[in-house]
Amino acid sequence: MVADGAKILGVIQLKDIVKGGIKERFTELRHMGIKTVMITGDNPLTAAAIAAEAGVDEFLAEATPEAKLKLIRDLQAQGRLVAMTGDGTNDAPALAQADVAVAMNTGTQAAKEAGNMVDLDSNPTKLLEVVEIGKQMLMTRGALTTFSIANDVAKYFAIIPAAFATTYPVLEKLNIMRLATPESAILSAVIFNALIIIVLIPLALRGVRYRPIGAGPLLRRHLWIYGVGGVAIPFPGIKLIDLILVAFGLIR
């Protein structure tokens, strides 16, 4: 029981609810070489607590629309590609300035019009999926381009000495494959090129499997797998076709 006239003291805690799993999603972004920055209008103490709970790399507190826009421009001036998610009217200028802008479906019309795309689920971490899809497309294109260039270099190195050795005897030293005739060399290369395109179609449709790694390691991986592979594959492939053409009497 409480006596008449006694004072009762209580404390009520009000705080933003951090979505479950968001810290793990930000960790995935970090592994991809992407830095996360939280921009909020809250005071620095509240912003620091939420930033620590969410696991972002940096935060900007008490941010006005002008401060948000300035932060985006400063990062871009450093040569960085900036992506932003937002839902408020005060986010619109920064969303319009960002290289990639995702507006929340529950946000204001101004934010939606300023963004490049609208997230129907209104989930800030959807940006991770956007990045993953974009990176997979770039990885696939890079893999195919690397293989194609390496393949062409090796292919011409294989057939040019055989095709022109009789005209330019100095090329005979480079004729390491010893293809049957100049005609066989050209025909074998044409057939190999047609077959390799068919082989690459499933890779282009399926895409290279996404890996959360930075640009440097990704480039080295592509050079080793698709660059070295593109150089190595034409030699046995063209030679095998040349042997088949000769064996079946298609080249004399």
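Here, the structure is the one placed above.
Residues numbered from 1 in each chain as written. Predicted model: local features only at pLDDT ≥ 70, side-chain atom pairs only at ≥ 80, totals over all residues. Heavy atoms only, no water.

Looking now at the pattern of salt bridges. Evaluated as defined, the whole model comprises 6 salt bridges. Asp 57 is the partner of Arg 30 in a salt bridge, and the nearest nitrogen-oxygen pair spans 2.8 Å. With Arg 30 in helix 1 (residues 22-31) and Asp 57 in the loop between helix 2 (44-54) and strand 2 (58-60), this pair connects stretches of sequence that are 27 residues apart. Classification of Asp 57 by relative accessible area gives partly exposed; the value is 34%. (Salt bridge = Lys/Arg side-chain N within 4 Å of Asp/Glu carboxyl O. Helix = DSSP H or I, 4+ residues; strand = E, 2+ residues; numbered from the N terminus. Buried < 20%, exposed > 50% of the residue type's maximum accessible area, 1.4 Å probe, protein only.)

Let's shift gears to the layout of surface pockets. Of the voids in this model, the largest pocket is the one considered here, and its volume is about 1700 Å³. As for the largest pocket, its lining consists of 49 residues, of which Val 37, Ala 83, Met 84, Thr 85 and Leu 127 are closest to the centre. Looking at the lining of the largest pocket, the elements with two or more residues in it are helix 1, strand 1 (37-39), helix 2, helix 3 (65-77), strand 3 (83-86), strand 4 (100-104) and helix 6 (126-164). The greatest single-element share of the lining of the largest pocket, amounting to 7 residues, is contributed by helix 6. (1 Å grid on protein atoms, 1.4 Å probe; cavity = no way out; pocket = protein on both sides within 12 Å on 5 of 7 lines; lining within 4 Å. Points joined across faces, edges and corners; volume = space filled by probe spheres on them.)

Moving on to the packing of aromatic side chains. With the rule as written, the count across this model stands at 1 aromatic pair. Seen in terms of ring centroids, Phe 157 and Phe 235 are 6.3 Å apart; in terms of plane orientation they differ by 70°. Their pairing is edge-to-face. Separated by 78 residues along the polypeptide, Phe 157 in helix 6 and Phe 235 in helix 9 (residues 234-247) bring together distant segments of the chain. Overall, Phe 157 belongs to the partly exposed group, its relative accessible area being 37%. For Lys 155, the ring lying beneath its charged end belongs to Tyr 156, and the centroid distance is 5.9 Å. (Phe/Tyr/Trp six-rings, centres within 6.5 Å; stacked < 30°, edge-to-face > 60°. Lys NZ or Arg CZ within 6 Å of the ring centre and 35° of its normal.)

Our next topic: helix 9. Taking 1.5 Å of rise per residue, the 14 residues of helix 9 would be expected to cover 20 Å, and the 20 Å separating its terminal C-alpha atoms lies within 8% of that figure. Every buried residue of helix 9 is listed here: Pro 234, Gly 237, Ile 238, Ile 241, Asp 242 and Leu 245. One side of helix 9 holds all its buried residues, which, seen down the axis, span an arc of 130°. When the buried face of helix 9 is taken as reference, the exposed residues oriented beyond 90 degrees from it are Pro 236, Leu 240 and Ala 247. Gly 249 lies just past helix 9 and shows a positive phi near 70°. (Expected span 1.5 Å × (residues − 1). Arc of directions from axis to C-beta.)

A few words now on the sheet that holds strand 5 (residues 117-119). Adjacent strands of a sheet pair through backbone hydrogen bonds, lying either parallel or antiparallel. On the basis of which strands lie adjacent, the open sheet formed by 3 strands has the order 3-4-5 and parallel pairing. Among the strands making up the open sheet, the edge pair consists of strand 3 and strand 5. This sheet shows a mean twist of 25° between the axes of neighbouring strands, independent of strand direction. Note that strand 4 and strand 5 share 3 bridges and pair parallel. From the neighbouring strand, Met 104 faces strand 5, where its bridge partner is Asp 119. (Pairing = 2+ DSSP bridges. Axes fitted to C-alpha atoms, helices over the stretch in contact; angles between N-to-C directions.)

On to the packing of helix 7 (residues 182-206) against helix 9, then. Remark: helix 7 packs on helix 9, axes separated minimally by 9 Å, with the N-to-C direction vectors making an angle of 120°. The angle between helix 7 and helix 9 places the two elements in the oblique class. Between helix 7 and helix 9 lies a crossing whose hand is right-handed. Listed contacts from helix 9 to Ser 184, Leu 187, Ser 188, Ala 189, Ile 191, Phe 192 and Leu 195 of helix 7 are Pro 234, Gly 237, Ile 238, Ile 241, Asp 242 and Leu 245. Its residues assigned to classes, the contact of helix 7 with helix 9 comprises 9 nonpolar, 3 polar and 1 charged. (Parallel < 35°, antiparallel > 145°, perpendicular 65-115°, else oblique. Left-handed = near helix turned anticlockwise from the far one by under 90°. Contact = heavy atoms within 4.5 Å. Nonpolar A, V, L, I, M, F, W, Y, C, P; charged D, E, K, R; others polar.)

Next up on the list: the pairing of strand 4. Regular strands have side chains that alternate between both faces of the sheet. With respect to burial, strand 4 is a largely interior element, 4 of its 5 residues being buried. Note that the unit made of strand 4, helix 5 (residues 109-114) and strand 5 has a crossover that is right-handed. (Right-handed = clockwise from strand over helix to strand, strands pointing away.)

Right, let's talk about the environment of Ile 159 for a bit. Tracing the sequence through the fold places Ile 159 in helix 6. Residues Ile 159 and Ala 185 lie 26 residues apart in sequence; the distance between their C-alpha atoms is 5.4 Å. Not counting residues up to four positions away in its chain, the partners in contact with Ile 159 are Ala 185, Ala 189 and Ile 238.

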